[in-house]
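# Secondary and tertiary structure notes
One-letter residues, chain by chain:
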Amino acid sequence: MKQDVRILLLGEPKVGKTSLIMSLVGEEFPEEVPSRAEEITIPADVTPEKVPTHIVDYSEKEQSDEVLRDEIIKIKTKWIPLVNGNAEKGNKVPIILVGNKSDLRSGSSMETILPIMNQFSEIETCVECSAKNLKNISELFYYAQKAVLHPTAPLYDPEDKQKSCFGNPLAPQALDDVKTVVWKNTSDGVQDNGLTLNGFLFLNTLFIQRGRHETTWTILRRFGYDDNLELTDDYLYPELRVPVGCTTELNHLGHQFLQRLFDKYDEDKDSALSQTELRNLFCVCPYMPWGAEVYMTIPTTDEGYISNHGYLCQWTLSAYLDIHRCLEHLGYLGYPILTEQESQTAAITVTREKEVDLEKCQTQRSVFLCKVIGPRGTGKTAFLQAFVGRNVGNSSSAFSPYAINTVQVSNQEKYLILNEVDVEVEFLKASDVSCDVACLMYDTSDPHSFDYCASIYKQHYMESNIPCVLVASKVDVPEVKQFHGMTPAEFCYKHRLPPPLPFSSLFLDSTSKNIYTRLAWAAMYPHLNGSDMSNTSFWLRVALGSAVVAVLGFAIYRAVARLK
């Protein structure tokens, strides 16, 4: 079954596309409706089919025809090779007809719709609904999800597959003749009416013995090999333009391929990859892409194996930090061939520029980078390890400056990357400063610690668009007065920052874990950085709401410390 579903809402202006989405997410009719809703991701655990679902709005006013075509391409390449238009039978995208605003008319429009449904086989069903009355809203998206996961139209035409190597289909009789030759000369060359690996090797040996070298070379070159039987650079490193201010993420196609790969090599079906299973997965690569540090970077199982969740986290990190190496690994794993895509770039989304996100006060990105900055000995490593569910005292000798996990923000699953910045001086390089949100961490038991954070903030972040969150670490030990000119709380008030959030690796309760959600919030809404909090009710809800909890937790830690 498909690993996720992408639903695109199309229709004339003012039919209520955006209202349907907002009614579904907010469970109430919105008083103010924007011209277009940003992409919504519904986590798997709240959908009937337990599959993540992406809902995409379309606005003729805000989006060009080219943008619309790009959205349709995402659907057609994920579910069916061709979008309806001139698509042949079996290659049509499933469609749900939606009659919105049923509250404004009496009776049903089904008599008008039925002839259309009979004319177009790709129409799975028709739903009449009302965004205002919340009638059939959940049902609408449920039917759309079902249409993708269990479509009635055929998804696969075997005759098309024959064109992948030679450009022209083979006649059915020719295929049967080939399989007959292999079957007569091998004991295990044909299975389930197809060639096994041994059958394929025998067939190519036969081609070579009979002077048909061009046939074998046609196959090899089609699959990316050069005359030295090495994969070409053009195949391993396809061109991908990433403008300044943009990032790279795995899209639904990439996730789908990687999940299939995981399922194949998870031989004991325990939803984790042992070291042996991981080596088997990467056996086609000339080197092992993931070293020992991966076990410090992602969530693992209690046995220390790479969980399914951690596996996807590591691929997400690879796509974000080193897209060319990620494309190389996908190439070795056969992504373009197995998915019938032009190149590995089909698995990647290049996000729009961050400046555009700031201008629109919205982002479509799902991966955010947080730099964790503070003097040595502050507890940054423990902070990263706590994010992936580990105690730093139980960690191995390997070290990773990164940790990645998912957080829930507005009912959407987002990836947050923590990057520990190891510095000894107060002047950071531009590469150390650049991020989506900065986490400035100081040690409450070290009187000089906060002074470093204040200096870094003034030098690099005070005049930038990068939001900052201060974290007070080691709150399980007695607090000392900081030698900075003002207290951390006064500093935050002066610079309109949320109060410092308390953290202890010894007490990983909801207060401490809430810090990671706060960091993701700040990264998603950078336009609120430096805003007047007294006049911004939204920021008061998302930032100060959890800050109150954090301050209470801070007080409790102090009380416990004094009792000791």
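Let me begin by describing the structure that accompanies this report. (Residues numbered from 1 in each chain as written. Predicted model: local features only at pLDDT ≥ 70, side-chain atom pairs only at ≥ 80, totals over all residues. Heavy atoms only, no water.)

This next bit is on a nonpolar patch on the surface. On the surface, Leu195, Leu197, Phe200 and Leu201 cluster together into a nonpolar patch covering about 370 Å² of accessible area. When residues of the nonpolar patch are assigned to their parent elements, the largest contribution, 3 residues, is made by helix α8 (residues 197-209). Note that Phe200 resides in helix α8. Here Phe200 falls in the partly exposed class, since its relative accessible area comes to 36%. (Patch = residues over 30% accessible without salt bridge, like charges linked within 9 Å, V, L, I, M, F, W, Y side chains within 5 Å. Areas by Shrake-Rupley, 256 points an atom, 1.4 Å probe, with all protein chains shown as cover. Salt bridge = Lys/Arg side-chain N within 4 Å of Asp/Glu carboxyl O. Helix = DSSP H or I, 4+ residues; strand = E, 2+ residues; numbered from the N terminus. Buried < 20%, exposed > 50% of the residue type's maximum accessible area, 1.4 Å probe, protein only.)

A word on the sheet that holds strand β3 (residues 53-56). The sheet built from 3 strands is open, its strands ordered β1-β3-β2 with mixed pairing. Every interior strand has two partners, whereas the edge strands, β1 (5-8) and β2 (40-42), have only one. Averaged over all adjacent pairs, the angle separating strand axes in this sheet is 20°, with direction ignored. Bridging between β2 and β3 involves 3 bridges; their strand directions are antiparallel. By the bridge assignment for β3, Thr41 is matched with His54. (Pairing = 2+ DSSP bridges. Axes fitted to C-alpha atoms, helices over the stretch in contact; angles between N-to-C directions.)

A separate point is the pattern of salt bridges. Summed over all chains, the structure comprises 5 salt bridges. Among the salt bridges present, the one from Arg352 reaches Asp357, with a minimum N-O distance of 2.5 Å. In this structure Arg352 comes out as partly exposed when scored by relative accessible area, which is 23%. Between Lys474 and Asp443 there is a salt bridge whose closest N-O contact spans 3.3 Å. Taken as a pair, Lys474 in the loop between β16 (468-473) and α21 (488-494) and Asp443 in strand β15 (residues 437-443) lie far apart in primary sequence, 31 residues in all. By relative accessible area, Lys474 is classed as partly exposed at 29%.

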